[in-house]
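If you want the building blocks of each chain, they are given just below.
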Amino acid sequence: MSDIFNRLAEILEERKKADPDSSYVASLYHGGTDKILKKLGEEATETIIAGKGGDRNEIIYETADLWFHSLVLLAHNNIEPQVILDELDRRFGLSGLEEKANRSK
C-alpha cells in the first residue's frame, strides 16, 4: 500500500514547481492552505454522502479523492506519507479507547 502513496508523494512534490495554470495540484498549492483545506472538506463531505448512500463504487471513488487531497495537504506541509503509516503502525494493537486516553495525558 505504501508504494502507491510514495509514488503519489513524488508526483505531488514535483507539482510544487509546476505552473498553476498547467497543473491542478499546483493550483491548489498556489491557493495555499485555505484552498487545500476547502477542497479536502468538500471531498470529506462527498465521502460521507457516498457512505450514507451505500453505493460501493461511489464510496471507493470518493474515498480515493479524499485520500488524494489528504496527500496534497501532507505534501503542502512537507509531511511524507510514511510518517502517517508509521503513526498508524504505532497505534496497531492499541484499543481505540486506550489510544484516546493516551492523547489526553
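These figures come from a predicted structure and were not determined experimentally. (Residues numbered from 1 in each chain as written. Predicted model: local features only at pLDDT ≥ 70, side-chain atom pairs only at ≥ 80, totals over all residues. Heavy atoms only, no water.)

Draft legend 1. Geometry of the packing of aromatic side chains. Tallied over the full model, the rule gives one aromatic pair. Centre to centre, the rings of Phe-5 and Trp-67 are 5.9 Å apart; their planes meet at 50 degrees, and the pair counts as tilted. Of this pair, Phe-5 sits in helix α1 (residues 2-15) while Trp-67 sits in helix α3 (residues 56-76), placing them 62 residues apart in sequence. By relative accessible area, which is 11% here, Phe-5 ends up buried. (Phe/Tyr/Trp six-rings, centres within 6.5 Å; stacked < 30°, edge-to-face > 60°. Helix = DSSP H or I, 4+ residues; strand = E, 2+ residues; numbered from the N terminus. Buried < 20%, exposed > 50% of the residue type's maximum accessible area, 1.4 Å probe, protein only.)

Draft legend 2. Fine view of the packing of helix α2 (residues 24-53) against α3. Taken N-terminus to C-terminus, the directions of α2 and α3 make an angle of 150 degrees; their axes are 8 Å apart at the nearest point. Judged on the interaxial angle alone, α3 and α2 are roughly antiparallel. The handedness of the crossing between α2 and α3 is left-handed. By residue class, the composition of the contact of α2 with α3 is 15 nonpolar, eight polar and six charged. (Axes fitted to C-alpha atoms, helices over the stretch in contact; angles between N-to-C directions. Parallel < 35°, antiparallel > 145°, perpendicular 65-115°, else oblique. Left-handed = near helix turned anticlockwise from the far one by under 90°. Nonpolar A, V, L, I, M, F, W, Y, C, P; charged D, E, K, R; others polar.)

Draft legend 3. Structural view of unusual backbone geometry. Backbone geometry places Asn-78, a non-glycine residue, at a positive phi of 55 degrees. Turning to its location among the elements, Asn-78 is positioned in the loop between α3 and α4 (81-91).

Draft legend 4. Spotlight on the packing of α1 against α3. Following both chains from N to C, one finds α1 and α3 inclined at 55 degrees, their axes separated by 10 Å at the closest point. As judged from the angle between their axes, α1 and α3 are oblique. Seen along the crossing, α1 lies across α3 with a hand that is right-handed. From α1, Phe-5, Leu-8, Leu-12 and Glu-13 reach across to α3, where they touch Trp-67, Phe-68, Leu-71, Val-72 and Ala-75. (Contact = heavy atoms within 4.5 Å.)

Draft legend 5. Local environment of the side chain of Glu-43. Looking at the element boundaries, Glu-43 is found in helix α2. The contacts of Glu-43, once residues within four sequence positions are left out, are Glu-62, Asp-65, Leu-66 and His-69.

Draft legend 6. Quick peek at the pattern of salt bridges. In total, this model carries six salt bridges according to the counting rule given. For Glu-13, the salt bridge identified is with Lys-16, shortest N-O distance 3.3 Å. Given a relative accessible area of 38%, Glu-13 falls into the partly exposed group. Exposure remark for Lys-16: the relative accessible area of 30% places this residue in the partly exposed category. (Salt bridge = Lys/Arg side-chain N within 4 Å of Asp/Glu carboxyl O.)

Draft legend 7. Spotlight on the layout of surface pockets. Approximately 240 Å³ is the volume attributed to the largest pocket. If you list the elements that add at least two residues to the lining of the largest pocket, you get α3 and α4. Across the lining of the largest pocket, the residue classes tally to nine nonpolar, one polar and no charged. Taken as a whole, the second largest pocket holds about 180 Å³ of empty space. Looking at the second largest pocket, it is lined by 13 residues, and the ones nearest its centre are Ala-9, Glu-13, Ile-79, Glu-80 and Pro-81. For the lining of the second largest pocket, the secondary-structure elements that each account for two or more residues are α1, α3 and α4. It is α1 that contributes the most residues to the lining of the second largest pocket, five residues altogether. Its residues assigned to classes, the lining of the second largest pocket shows seven nonpolar, three polar and three charged. (1 Å grid on protein atoms, 1.4 Å probe; cavity = no way out; pocket = protein on both sides within 12 Å on 5 of 7 lines; lining within 4 Å. Points joined across faces, edges and corners; volume = space filled by probe spheres on them.)

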